[in-house]
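A closer look at the structure
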Amino acid sequence: MIRRLPIFGILLLLTALVFGKGNLIIYGWSDYIPSEVIDAFSQEYGVNVTYDNYDSNETMFAKIKAGARGYDLAMPSADYTSIMIKEDMLIPIDKSLVPNLANIDPDVVEQMYYDPDNTYSIPYMVGTTGIAVNANFVEVYPRSWKIFELPQFQGTMTLLDDMREVFGAALKYLGYSVNSTDPDELEEAKNLILKWKNNIVKFDNELFAKGIISGEFWVVHGYGENIFYEATEEELKYIDFFIPWEGSTLWIDSFVILKGSTNLENAHLFMNYILRPDVAAEVSDYLLLPSPNVPARELTEEKPVYSAEDLENTELIKDLGEDLRIYNTLWNEIRFGL
């Protein structure tokens, strides 16, 4: 079927293409968009891009919720996209200005229960978390979350400092949903995490990649793309990254337009640019992640850390609404003994 843009949308898009200029301010994850991609966009359209970093969804949400202004685009994960929609923090997307949305895998869009028509969010990347082992120090180990309770690795391991990721790991190991709200299941998961806590050095979002490569840590819970980005080809020979056989979490990170944005045309222009197959392929090669952009998959040159097929035994982290308070209470008990 031929997709036709409304006349108004065509005029706005052509105006941006021909006269694109001004500013765009993005609030996103660290090292998540190649600087070359941002620079090429700036040169092609004459837009000055500012990119500010955050290290967690919680940090981003708290800053925006507290009244931070000036940002045009943010990049929340699925659960926080859902929350920000409910909190009326986002501006609806004019999809006539983002025709390249048609390139996104329908299976990815189908997972977006919180925004099924892409009214507020445009998918950027999809992936999972797993475990990395430095084989210079560890020879025999289960490819399972069970590794975190093995006493022989005590004091050499880290878990992410991320409530939903850690609970997701424990719940999957126990055979439950990563979105469970059953008090008994969550209490069981909490007790398991406390056992893991006795074995780990710390909960960490920032140093796990460098640490596993250097040998400071032997086993880490984290994002494979971060590790592969930091490591040399020689160092990667000794790093085994895997998705535990019990399964793991699934995340979908998307672009959203924040209320208060003053650069709406440039925000739409940038999202459409990112979804261009050649650009999406460059992003995928940079992150070493499978692209959710179907035509881009034919243009990628690097082998990803894991394939789209490897994500079959993963489960999307969902917004749990009021039930998230149960997690917060248990997480505070785990992290701070409260």
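Structure shown above.
Residues numbered from 1 in each chain as written. Predicted model: local features only at pLDDT ≥ 70, side-chain atom pairs only at ≥ 80, totals over all residues. Heavy atoms only, no water.

**Observations regarding helix α11 (residues 264-274)**
For α11, a buried count of nine out of 11 residues is recorded, marking the element as mostly surrounded by other parts of the structure. When we look at burial in α11, the residues that qualify are N266, A267, H268, L269, F270, M271, N272, Y273 and I274. (Buried < 20%, exposed > 50% of the residue type's maximum accessible area, 1.4 Å probe, protein only. Helix = DSSP H or I, 4+ residues; strand = E, 2+ residues; numbered from the N terminus.)

**Re the pattern of salt bridges**
Summed over the entire model, instances satisfying the criterion amount to 15 salt bridges. D319 is the partner of K86 in a salt bridge, and the nearest nitrogen-oxygen pair spans 2.8 Å. In this pair, K86 sits in helix α4 (residues 78-86) while D319 sits in the loop between β12 (314-316) and α13 (324-336), placing the two residues 233 residues apart along the sequence. A residue is classified by how much of its surface remains accessible, and K86, at 60% relative accessible area, is exposed. Note that E322 and R325 form a salt bridge whose closest N and O atoms lie 3.2 Å from each other. Look at R325 and you get exposed, because its relative accessible area is 55%. Counted as one network, the salt bridges with shared partners bring together E44, R276 and D278. (Salt bridge = Lys/Arg side-chain N within 4 Å of Asp/Glu carboxyl O.)

**Structural notes on the sheet that holds strand β7 (residues 157-159)**
With respect to topology, five strands assemble into an open sheet ordered β8-β7-β9-β6-β10, the strand pairing being mixed. Both outer strands of the open sheet, β8 (200-203) and β10 (239-242), are each paired with one neighbouring strand and no more. The mean inter-strand angle of the sheet, taken between neighbouring strand axes irrespective of direction, is 20°. Sheet analysis places β7 next to strand β9 (residues 219-222), joined by two bridges and oriented parallel. The partner of T158 across the bridge, within β9, is V220. (Pairing = 2+ DSSP bridges. Axes fitted to C-alpha atoms, helices over the stretch in contact; angles between N-to-C directions.)

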